[in-house]
Amino acid sequence: MANAKPLKLINIARRYKHITPVPRMPNFAAWIDGVDLTQPLSAPVQAELRQALFDFEVIFFRPQTITPEQHVALAKVFGPLSGGSYFDRKPGAPDMEMIVSDRERPPQIDNWHTDISWKPQPPLGTAIQITVTPPAGGNTCWTSTSKAYDWLSPGLQKYLEGLQAVHTWEQSGFREALGNRGEEALIGAIRAFKPVLHPVVKKNPDSGRKCIFVNSDFTRNIVDVDRHEARGMLQFLLEWLKKPEFMVHHQWTAGEIALWDNRSTQHYAVADYWPHHRVNQRVTFDEPGSAPASADNVNAKVLKGEALR
């Protein structure tokens, strides 16, 4: 038996009165029933949605037809809007990123990652809706980095809590994508977003859970230990995070919505459907208390190749 700790399930009936979470894995990944996202959400419903995100780390809604404004409003339930990443924006909705895959734009996010861990303060989470699905495939996998930490031996937990790692977008596919936009976009990004240090283990302030915070897309190396030890430990952690016990594998129906806590999860967009069409609309949000982002943020300027001051 890999983990001998007794499993204590979240008491849903006692904790939730206005929504109905239906877990898909033990204490991880839940459908949310009984919520119409086309209507304004009451304060009690909003509070329980936040609690569900912290309890289950990724939550799902059955297919609904929502406007960009309703999508943004849903994200704001959890925190102020983030500047997002380097994806194109939806015309008329500058806070919504569009990840469109088709024959001319093959899927390229088939790597385990925590969104935007290359910033000093990564976003709290993301709300996505898959509006167009391929005939088959195009699934998304999430893994619980808190479960992954909990299943480590106490000795290894203690060792990891003293380590830090370098995160940078430059080793990911963003470097090539920005280069294709022109020299100014690439140079602007290099100037704007230097490599950052994060603890290898972070505590989620809302759930209280400790989480492994390294990912294969953006974590370059562990620091302050011998490079051979650092390389071996990082490789172990990246493989450890892929255990099926920590994971949910989601097959999309068009119109479904998912939100995840970026501090406690990683995800992987399965790229098995080219040349078919898939459309992902997403809005990223920060922790409460963060400065609100605007359409005229650093990311947008980088994409346009504008000078940064």
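Note: the structure precedes this text.
Small disclaimer: the values here were computed from a predicted structure and weren't measured. (Residues numbered from 1 in each chain as written. Predicted model: local features only at pLDDT ≥ 70, side-chain atom pairs only at ≥ 80, totals over all residues. Heavy atoms only, no water.)

Section: the packing of aromatic side chains
Step number 1: Under the criterion given, the structure shown has 10 aromatic pairs.
Step number 2: Taken together, a centroid distance of 5.3 Å and an interplanar angle of 80° make the contact between Phe60 and Trp142 edge-to-face. Of this pair, Phe60 sits in strand 3 (residues 58-61) while Trp142 sits in strand 7 (residues 140-144), and the two are 82 residues apart along the sequence.
Step number 3: Relative accessible area serves as the criterion here: at 0%, Trp142 is assigned to the buried category.
Step number 4: Ring geometry for Phe78 versus Phe285: centroids 5.5 Å apart, planes at 25°, classification stacked. Here Phe78 is found in the loop between helix 3 (68-76) and strand 4 (88-90), whereas its partner Phe285 is found in strand 16 (residues 278-285), with 207 residues between them in sequence.
Step number 5: An aromatic cluster of three or more residues is present, and its members are Trp31, Phe60, Trp142, Trp252 and Trp260.
Step number 6: Here the guanidinium or amino end of Arg103 rests over the ring plane of Trp274, the centre of that ring lying 5.9 Å away. (Phe/Tyr/Trp six-rings, centres within 6.5 Å; stacked < 30°, edge-to-face > 60°. Helix = DSSP H or I, 4+ residues; strand = E, 2+ residues; numbered from the N terminus. Buried < 20%, exposed > 50% of the residue type's maximum accessible area, 1.4 Å probe, protein only. Lys NZ or Arg CZ within 6 Å of the ring centre and 35° of its normal.)

Examining the pairing of strand 5 (residues 93-101)
Step number 1: Two strands pair when backbone bridges link them, and strand 4 and strand 5 are joined in this way by three bridges, in the antiparallel orientation. From the neighbouring strand, Asp88 faces strand 5, where its bridge partner is Met98.
Step number 2: Hairpin connection from strand 4 to strand 5: two residues lie between these consecutive antiparallel strands, with Gly92 at a positive phi of about 85°.
Step number 3: Here strand 5 pairs with strand 16 via five bridges, running antiparallel. Among the inter-strand pairings, Val100 is bridged to a residue of strand 16, identified as Val279. (Pairing = 2+ DSSP bridges.)

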